[in-house]
Amino acid sequence: MRLTGAATLAGVIGWPIAHSRSPRLHGYWLEHHAVDGAYVPLAVPGDAIEQAVRALPLLGFRGFNVTVPHKLALMGLCTVLDDTARRIGAVNTVVIDADGRMRGSNTDAFGFIENLRDRQPGHDVTAGPALMIGAGGAARAVAVALLDAGVPALQVTNRSQERAEKLRTDIGDRRLSVVDGNNWSDRLGGVATLVNTTSLGMHGAPPLDFDLGLLDPAALVSDIVYTPLETDLLKQATARGNPTVDGIGMLLHQARAGFRQWFGIDPTVDTALRDHVLSDQ
Ligand code: ATR
């Protein structure tokens, strides 16, 4: 590792932060490109977020990533926000200018769609409607990604229908509709892209309840959960021959824009990086 007194500083703010794979991910690129820089975990509880963020320009940080539970709070703490952050309603990447101004953006939508293109380049999201399970923070990024990629229709289903309705009105796109969360398996006919954005199926969370019987065998199935990497949803989809995309690549691709802006190098996502980040499991 090359680290001098002139090193460029970046990091990730969250609470808790010990589980974050971002330091390992950015650490790989820093090492690979022999950058004089560091990317560190910053454990900041909710009530200290403003103080901590205000200190970062003073400490010489070039920028930082934001994770749970601070993505919403950063909307109010950045000097300027890009259009995608505004549409998603959350910030995950901040660049600090030389004068201390903080530019907030959200690269999760980019991460989601780049991962799809990377892992299943033959899949065309414009070819048919998509069904998205979940309406939380990650769902907002996935919805914006699919809409921007030209999906003809996007159905959203969620345990709390009210939250799904809020996502629909906040994003405000005529292609969005909300469907009943209890029987979404009955709606899979005609769906070209199916995405789970909930935490269901993750280690320690309840399983996702589903039946893929009505799904077209050519439909793409994607899960943003990556612990385990092969969720039950992906396992069943693979077993019936559907193309699948796992969740780790969304994390890898969302990181590219931050690294490029802080450290001045456009990094690539490849198998070695994927294996390196996954080897931490
Ligand atoms: P994230 O930022 O990771 O998306 P989140 O905003 O807390 O996290 O959203 C979690 C998603 O998982 C939501 O869609 C949530 O459904 P609700 O909006 O109804 O809470 C969904 N989810 C979490 N636990 C669930 C459970 N036990 N059953 C059904 N859905 C669940």
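1. Observations regarding the site of the ligand
Okay, so step 1: The immediate surroundings of the ligand are formed by 13 residues, with Ala138, Asn158, Arg159, Ser160 and Arg163 found nearest.
Okay, so step 2: A distance of 2.9 Å separates an oxygen atom of the ligand from a polar side-chain atom of Arg159.
Okay, so step 3: Between the ligand and Arg163, the relevant distance is 2.8 Å, taken from an oxygen atom to a side-chain nitrogen or oxygen of the residue.
Okay, so step 4: Isolated, the ligand exposes 640 Å² of accessible area, and the fraction of that covered by the protein chains is 67%.
Okay, so step 5: Of the residues belonging to the shell around the ligand, the class tally is four nonpolar, seven polar and two charged.

2. What to know about the sheet that holds strand S4 (residues 80–81)
Okay, so step 1: Overall, mixed pairing links the six strands, which are arranged S2-S1-S3-S5-S6-S4 in an open sheet. Of all strands in the sheet, those with a lone pairing partner are strand S2 (37–43) and S4, marking the two edges.
Okay, so step 2: Looking at chain direction, S4 and strand S6 (residues 102–105) are connected through two bridges and run parallel. Paired with Leu81 across the strands is Gly104, a residue of S6.
Okay, so step 3: Sheet strands touched by helix H2 (residues 49–58): strand S1 (8–14), S2, strand S3 (61–66), strand S5 (93–96) and S6. Its angle to S3, the strand with the most contacts, is close to 150°.

3. Structural notes on the environment of Thr271
Okay, so step 1: If you trace the backbone, Thr271 turns up in helix H10 (residues 271–278).
Okay, so step 2: In this structure, the C-alpha to C-alpha distance between Thr271 and Asn115, residues 156 residues apart in sequence, is 12 Å.

4. Regarding the domain arrangement of the chain
Okay, so step 1: Per the domain assignment, the segments making up the chain are domain 1 (8–107 + 251–278) and domain 2 (124–242).
Okay, so step 2: One C-alpha centre belongs to domain 1, the other to domain 2, and the line joining them spans 27 Å.
Okay, so step 3: Taken together, the seven residues of domain 1 in the interface contact eight residues of domain 2.
Okay, so step 4: Together domain 1 and domain 2 conceal approximately 700 Å² of surface at their shared face, both sides included; 61% is due to carbon and sulfur atoms.
Okay, so step 5: At the junction of domain 1 and domain 2, the tally comes to one salt bridge.
Okay, so step 6: Between Arg87 and Asp148 there is a salt bridge, with its nearest N and O atoms 2.8 Å apart.

5. What to know about the packing of aromatic side chains
The description of an aromatic ring pair uses the distance of the two centres, along with the angle that the planes make with each other.
Okay, so step 1: Counted by the stated rule, this structure contains four aromatic pairs.
Okay, so step 2: A centroid spacing of 4.9 Å and a plane angle of 50° characterise the contact between Phe259 and Phe263, whose relative ring orientation is tilted. Placement of the pair is Phe259 and Phe263 together in helix H9 (residues 248–263), with a separation of four residues, close to one helical turn. Both residues of the pair, Phe259 and Phe263, count as buried.
Okay, so step 3: Through a chain of ring-to-ring contacts, the aromatic side chains of Trp29, Tyr39, Phe259, Trp262 and Phe263 assemble into a single cluster.

6. As for the packing of helix H5 (residues 108–119) against H9
The description of two helices packed together rests on the angle between their axes and the distance between the axes.
Okay, so step 1: For the pair H5 and H9, interaxial distance at closest approach is 7 Å and the crossing angle is 120°. As summarised for this structure, H5 and H9 are arranged oblique, according to the angle between their axes. Of the two elements, H5 crosses H9, and the hand of that crossing is right-handed. Side by side, H5 and H9 meet where Asp108, Phe110, Gly111, Phe112, Glu114, Asn115 and Asp118 of the first sit next to Gly249, Met250, His253, Gln254 and Arg256 of the second.
Okay, so step 2: Class assignment of the residues belonging to the contact of H5 with H9 gives a composition of three nonpolar, five polar and four charged.

Parameters and conventions
In every chain, residue numbers begin from 1 and rise along the written sequence. Residues qualify for local features only when their pLDDT is at least 70, as the model is predicted, and side-chain atom pairs are given and counted only at 80 or more; totals for whole chains, interfaces and linings, by contrast, use all residues. Side-chain calculation: all heavy atoms of the structure are included, whereas hydrogens and water are not. A single heavy atom is enough: if one lies within 4 Å of a molecule or strand, its residue is considered near that molecule or strand. In protein, a polar contact requires one atom able to donate a hydrogen and another able to accept it; more generally it is a pair of N or O atoms within 3.5 Å, and residues adjacent in sequence count only if both atoms are side-chain atoms. A 1.4 Å probe and the Shrake-Rupley method give the accessible areas. Residues count as covered only by the protein chains that appear here. Polar here means any residue other than Ala, Val, Leu, Ile, Met, Phe, Trp, Tyr, Cys and Pro, which are nonpolar, and Asp, Glu, Lys and Arg, which are charged; Gly is therefore polar. Note on pairing: two strands pair once DSSP finds at least 2 bridges between them. Only DSSP runs of H or I with at least four residues qualify as helices, and only runs of E with at least two residues qualify as strands; both kinds are numbered from the N terminus onward. Any two residues whose heavy atoms approach within 4.5 Å are treated as being in contact. To obtain each axis, a line is fitted to C-alpha atoms, and for helices this fit is confined to the stretch in contact; angles are then taken between N-to-C directions over 0 to 180 degrees. Domain delimitation follows an automatic or database domain assignment. Simply put, the buried area is the total loss of 1.4 Å probe accessible area from both parts when two parts are fitted together. One side-chain nitrogen of Lys or Arg within 4 Å of one carboxyl oxygen of Asp or Glu is enough to make a salt bridge. Each Phe, Tyr or Trp ring, with Trp reduced to its six-membered ring, pairs with another whose centre is within 6.5 Å; inter-plane angles below 30 degrees give stacked pairs, above 60 give edge-to-face pairs, and intermediate values give tilted ones. Relative accessibility under 20% of the residue-type maximum defines a buried residue, over 50% an exposed one, and the middle range a partly exposed one, all with a 1.4 Å probe and only protein chains included. Here the word oblique covers every angle except those under 35 degrees (roughly parallel), over 145 (roughly antiparallel) and from 65 to 115 (roughly perpendicular). Here a crossing is taken to be left-handed if its near helix is turned anticlockwise relative to the far helix by less than a right angle, and right-handed if that turn runs clockwise.

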